[in-house]
Amino acid sequence: MPFCIPALNTASPPCPPCFTAFWYRSPMEQRPAPARVLGGIDATCVVIGAIIGVGIFFTPTSVAKLAATPDAGVILLPWIIAGAIALAGALAFAHLGRRWNGPGAQYQILRDVFGPCPAFLFVFCNATAVQAGAIGIIAVICTNNLWIAAGKDAPTDYRLIVSSLILITGVTATNILGVRWGSRLQNFTVFAKVATLLLVGLLAATWTGQPAPLTADAAKAALTPADKSILAGVLAGLVPALFSYGGWQHALWISGEVKDPSRILPRAIIGGVTIVIAVYLLANASYLRLLGPQGVAASSAVAADAVAAVWPDLGKRIIAGAVGLSALGVLNAQLLSGPRLIQSMAADARFFKPFARISPSLGTPIAAILLMATTAIALLIAAGADGVDRLLTGVVFIDTIFFVLTGAAVFAHRASADRSTITSVAAALFVLGELGVLVGAYLDEKTRAAAWIGLAWIGVAAVLYFARFSRASAPGRSNAG
């Protein structure tokens, strides 16, 4: 049978036997509409759960080392500044969420403001590398810590990978069953991780002891005299701190399933980020109180060591369980929200037709969820945890560029109708802060080398877009789902 090319400007689908009938989607077809079933608490938990991952249990050590000072106040500064930048970003994204709140709204923002190509590049890199890589790495971290929490040694052989694959499969099935199931799992993990960090704060507040003195080797590995100013140390520590605040954009990704989104989305984004800032500052102050600045900088597992200062026997297992649940929440957030970007793009005829479909009985984009899960599994099996981590580092650098573009969208004509001065200033500060992260990451030789992987992935996405999707007719656009 000859290969027939459908007329993209017609409403009629190509002939049924044709291979292109499976992949082709006419822009004139009725778009699938997910049900709006998520409330304010659900949306806020998506924001909190996507931000609070495993970083807050380990990253404070990196920040303290980069700050290179025994002054606890200076060590907290990067977390305060990063929180301010995150709050500025939350205000900017909340403003955009009032005007764009259909399925996968961040994709719609980039599409409407900058055109379909940048929007496609964002979703492709996000789905196939950033999120797929994150799912693989986070599953390994989650499995590893759950073994420790159960009182067993974490496996180092094939059992770790097999356990991680089983975990990914289980979370995937949960999200296929319905957005409510995924949301319930998300809410549970958020309450568990916040409760754990509040427990650390309570231990620090009621503890009457003093940080244990470090051994000579630990002291040498902690805060060595730095030949840089306090300002340089704070700026260096800002990069890992700010990365720990990322994730509030997930609320835009699931906006198509949020009730009354123009009202709930802004509150969820701003409220969620505000809660995270408070929890992060409490956690860091508690670590410094229980371990001291040098102890934080020398620790390889700062949260576990901090709790162990009060509960030597239970500390390791408690924090391992908390890290495992926190990782589970981030893993679930990826599979709950990320596939909505793929579905929205496919509904625009900018991706393969099957991924636009929403199950009429379950109300979920099953094909999009399976695509993300299987990509994560394939990456984990093919590259292993170390290989996926290198890929993820490079593409996350590129992902920051799309953060900058989304923040800059606040100044686009369609977003300027009710833009306040506060929103404008917040968006400008956020964009400048993210540009600073790009510069700081580029100056780091390890990140710079990994960024080339991200650029190569962008190239692959661009080739696919111009070869297959650039000539698709633009569908009708709307801000709301």
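Residues numbered from 1 in each chain as written. Predicted model: local features only at pLDDT ≥ 70, side-chain atom pairs only at ≥ 80, totals over all residues. Heavy atoms only, no water.

How should I be thinking about the pattern of salt bridges in this particular structure?
It is possible for side chains of opposite charge to pair when their charged atoms get near one another. In total, this model carries 4 salt bridges according to the counting rule given. In this structure, the salt-bridge partner of arginine 111 is aspartate 112, at a minimum N-O distance of 2.7 Å. Given the relative accessible area of 2%, arginine 111 is considered buried. As a salt-bridge pair, arginine 111 and aspartate 348 come within 2.5 Å of each other at their nearest N and O atoms. Here arginine 111 is found in helix 5 (residues 105-114), whereas its partner aspartate 348 is found in the loop between helix 14 (315-347) and helix 15 (366-408), with 237 residues between them in sequence. Accessibility classification places arginine 111 together with aspartate 348 in one group, the buried group. Connected through shared salt-bridge partners, Arg111, Asp112 and Asp348 make up one network. (Salt bridge = Lys/Arg side-chain N within 4 Å of Asp/Glu carboxyl O. Buried < 20%, exposed > 50% of the residue type's maximum accessible area, 1.4 Å probe, protein only. Helix = DSSP H or I, 4+ residues; strand = E, 2+ residues; numbered from the N terminus.)

What's the story with the packing of helix 8 (residues 179-206) against helix 14 in this structure? I'm lost.
Geometrically, a packed helix pair is captured by the angle between its two axes and the distance between the axes. Viewed as axis vectors pointing N to C, helix 8 and helix 14 meet at an angle of 145°, and their least axial separation amounts to 9 Å. Note on packing geometry: the crossing formed by helix 8 with helix 14 is left-handed. Of helix 14, the residues touching helix 8 (which contributes Val179, Gly182, Ser183, Leu185, Gln186, Phe188, Thr189, Ala192, Lys193, Thr196 and Val200) are Ile319, Ala322, Leu325, Ser326, Leu328, Gly329, Val330, Asn332, Ala333, Leu336 and Arg340. Class assignment for the residues of the contact of helix 8 with helix 14 results in 12 nonpolar, 8 polar and 2 charged. (Axes fitted to C-alpha atoms, helices over the stretch in contact; angles between N-to-C directions. Left-handed = near helix turned anticlockwise from the far one by under 90°. Contact = heavy atoms within 4.5 Å. Nonpolar A, V, L, I, M, F, W, Y, C, P; charged D, E, K, R; others polar.)

What am I meant to see in the environment of leucine 282 here?
Mapped onto the elements, leucine 282 comes out in helix 12 (residues 261-298). You can call leucine 282 partly exposed: its relative accessible area is 32%. Note: C-alpha distance between leucine 282 and alanine 204 (78 residues apart in sequence) is 9.6 Å. Those residues in contact with leucine 282 that sit more than four places away from it in its chain are Leu197, Leu198 and Gly201.

Would you explain the packing of aromatic side chains in this entry?
In the structure shown here, the tally under the stated rule is 19 aromatic pairs. Each ring, one from phenylalanine 351 and one from phenylalanine 355, has its centre 5.4 Å from the other, and the planes form 35°; the classification is tilted. A residue is classified by how much of its surface remains accessible, and phenylalanine 355, at 14% relative accessible area, is buried. Arranged with centres 5.8 Å apart and planes meeting at 90°, the rings of phenylalanine 403 and phenylalanine 430 form a pair that is edge-to-face. A residue pair is termed long-range when its members are at least 10 positions apart, and phenylalanine 403 in helix 15 and phenylalanine 430 in helix 16 (residues 421-443) qualify at 27 residues. Residues phenylalanine 403 and phenylalanine 430 agree in their burial class; the two are buried. Following the ring pairs from residue to residue traces out a cluster consisting of Phe120, Phe124, Phe351, Phe352, Phe355, Tyr465, Phe466 and Phe469. (Phe/Tyr/Trp six-rings, centres within 6.5 Å; stacked < 30°, edge-to-face > 60°.)

Can you walk me through the packing of helix 6 (residues 116-149) against helix 14 in this structure?
Contact pair helix 6 / helix 14: the axes reach a minimum separation of 8 Å and the direction vectors enclose 160°. If you check the angle between helix 6 and helix 14, you find them roughly antiparallel. As helix 6 packs across helix 14, the resulting crossing turns out to be left-handed. Of the residues contributing to the contact of helix 6 with helix 14, the split by class is 23 nonpolar, 7 polar and 2 charged. (Parallel < 35°, antiparallel > 145°, perpendicular 65-115°, else oblique.)

Where do I start with unusual backbone geometry in this structure?
With glycine set apart, most residues show a phi of negative sign, and most peptide bonds adopt trans. One non-glycine residue, aspartate 260, lies in the positive phi region at around 45°. In this structure, aspartate 260 sits in the loop between helix 11 (250-253) and helix 12. Judged by its relative accessible area of 38%, aspartate 260 is partly exposed. With a phi close to 65°, alanine 349 is a non-glycine residue in the positive phi region. Relative to the helices and strands, alanine 349 is located in the loop between helix 14 and helix 15.

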